[in-house]
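Spelled out from the first residue to the last, the chains are:
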Amino acid sequence: MQLILVCPLRLPVVLFTSLDMKMSEEYREKSTITAEDVQNLIKKKDEIEEQIKAYYDVLEDQGVGAEGPLVDIEGFPRADLDLYQVRTARNSISCLQNDHTSLMLEIEEALHQLHAHERAKRERDQQEAVEEGMEQESPLPPAFARVDHVTQGSPASQAGLRVEDEIIEFGSVNPGNFQNLQNIASVVQHSEGALSVAVVRNGQRVQMNLVPQRWSGRGLLGCNIQPLHR
């Protein structure tokens, strides 16, 4: 928050309060600096620069500048100057320049954090893309059975099983322990709830949950599975 006062110079004097300092500390303490945070800091910097320029204009109008003497050759206050305006302008410039220096350091630090965050995000995205690519390129296990019939409305149909799906996982049955269709039948008969089923469809692994249950048709699945001999 900023307090706006009006002095005899007819210029707004911006006084940075303790709340402003707290806001600046919050920028430094934030774990992630956003582009909007940086824009807000730059906006504050521009406001300070406008104030400094306005006070320099006052000094120029007085014809004394930032360093010119305020007393005459005899040591008396110069009668041709509005000494209050000159002293106020010089003091304000000094305070605002200190604020400007501190703010520039904040902006530099915020930009560093913002770029570091964006760089880290790019690296994470690249790593995730590489890992995803590796997963897609990893060879699928060999199928041990194929679906050659699925009855519409059956548990198998509701689970998403399709004709020509090649089974690579059926509950606890996998290519390493499959011997014959009795293995699958045993898993179905002893199942309690959904079975995790994985198939190869169009060269891609497809995962689904199949719930063996009584329905209007025959069996608990409503599909026909044939073993693959390779």
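From a predicted model like this one, the values you see are computed outputs, not experimental measurements.

1. Remarks on the sheet that holds strand S5 (residues 195-201)
Logical step 1: Read across the sheet, five strands follow the order S6-S5-S4-S3-S7 without closing on themselves; strand pairing throughout is antiparallel. With one partner strand each, in any of the chains shown, strand S6 (204-210) and strand S7 (223-227) form the two edges of the open sheet. Strand-to-strand, the axes of this sheet are offset by a mean angle of 40°, without reference to chain direction.
Logical step 2: Taken together, the five bridges between strand S3 (residues 145-150) and S7 define a ladder with antiparallel strand orientation. Along S7, the bridge assignment pairs Arg146 with Gln226.
Logical step 3: Strand contacts of helix H5 (residues 181-189): strand S4 (166-170), S5 and S7, with the helix running at about 145° to S7, the strand carrying the most contacts.

2. Describing the pattern of salt bridges
Logical step 1: By the definition in use, this model includes nine salt bridges.
Logical step 2: A salt bridge links Glu164 to Arg146, with the nearest nitrogen and oxygen atoms 3.7 Å apart. Here Glu164 is found in the loop between helix H4 (155-159) and S4, whereas its partner Arg146 is found in strand S3, with 18 residues between them in sequence.
Logical step 3: Judged by relative accessible area, which is 51%, Glu164 ranks as exposed.
Logical step 4: Across the salt bridge formed by Arg146 and Glu166, the nearest N and O atoms sit 3.1 Å from each other. Taken as a pair, Arg146 in strand S3 and Glu166 in strand S4 lie far apart in primary sequence, 20 residues in all.
Logical step 5: In this structure Arg146 comes out as partly exposed when scored by relative accessible area, which is 27%.
Logical step 6: Look at the salt bridges and you will find they share partners, linking Lys45, Asp46 and Glu49 into a network.

3. Examining helix H2 (residues 35-62)
Logical step 1: The first and last C-alpha atoms of H2 sit 41 Å apart over 28 residues, in line with the 40 Å expected at 1.5 Å per residue.
Logical step 2: Residues of H2 that are buried include every one of Asp37, Val38, Leu41, Lys44, Lys45, Ile48, Gln51, Ile52, Tyr55, Val58, Leu59 and Gln62, and no others.
Logical step 3: Of the residues flanking the end of H2, it is Gly63, one or two places downstream, whose phi is positive at about 75°.

4. Concerning the nonpolar core
Logical step 1: In terms of nonpolar packing, the biggest core is built from 22 residues, with Phe144, Ile167, Phe170 and Ile225 touching the most fellow members.
Logical step 2: Among the secondary structure elements, those contributing two or more residues to this core are S3, H4, S4, H5, S5, S6 and S7.
Logical step 3: Leaving out residues up to four positions away in the same chain, Phe170 has contacts with Phe144, Ile184, Val187, Val188, Leu195, Ser196, Val197, Leu210, Leu221 and Ile225.
Logical step 4: Membership of the second largest hydrophobic core comes to 20 residues, among which are Leu41, Leu59, Ile107 and Ala110.

5. Regarding the confidence of the model for the protein chain
Logical step 1: Scored by pLDDT, the protein chain has a mean of 85; 84% of the residues are at 70 or more.
Logical step 2: When mean pLDDT is taken per element in the protein chain, S4 scores highest with 97 and strand S1 (residues 2-6) scores lowest with 41.
Logical step 3: Low pLDDT, under 50, characterises residues 1-10; the stretch is placed with 30 contacts to residues that sit more than four places away or in other chains.
Logical step 4: Taken together, the stretch residues 12-19 has pLDDT below 50 and engages in 27 contacts with residues farther than four places along the chain or on a different chain.

6. Things to note about the pairing of S4
Logical step 1: The buried count for S4 comes to four of five residues, which makes it a mostly enclosed element.
Logical step 2: Of the pairings in the sheet, the one linking S3 to S4 comprises two bridges and is antiparallel in character. Considered in S4, the bridge of Ala145 is made with Ile167.
Logical step 3: In the sheet, S4 pairs with S5 via four bridges, with the strands oriented antiparallel. By the bridge assignment, Glu166 is partnered in S5 with Val200.

Here is what the cut-offs are and how they apply
Residues numbered from 1 in each chain as written. Predicted model: local features only at pLDDT ≥ 70, side-chain atom pairs only at ≥ 80, totals over all residues. Heavy atoms only, no water. Pairing = 2+ DSSP bridges. Helix = DSSP H or I, 4+ residues; strand = E, 2+ residues; numbered from the N terminus. Axes fitted to C-alpha atoms, helices over the stretch in contact; angles between N-to-C directions. Contact = heavy atoms within 4.5 Å. Salt bridge = Lys/Arg side-chain N within 4 Å of Asp/Glu carboxyl O. Buried < 20%, exposed > 50% of the residue type's maximum accessible area, 1.4 Å probe, protein only. Expected span 1.5 Å × (residues − 1). Core = buried A, V, L, I, M, F, W, Y, C linked by side-chain atoms within 4.5 Å. pLDDT = per-residue confidence, 0-100.

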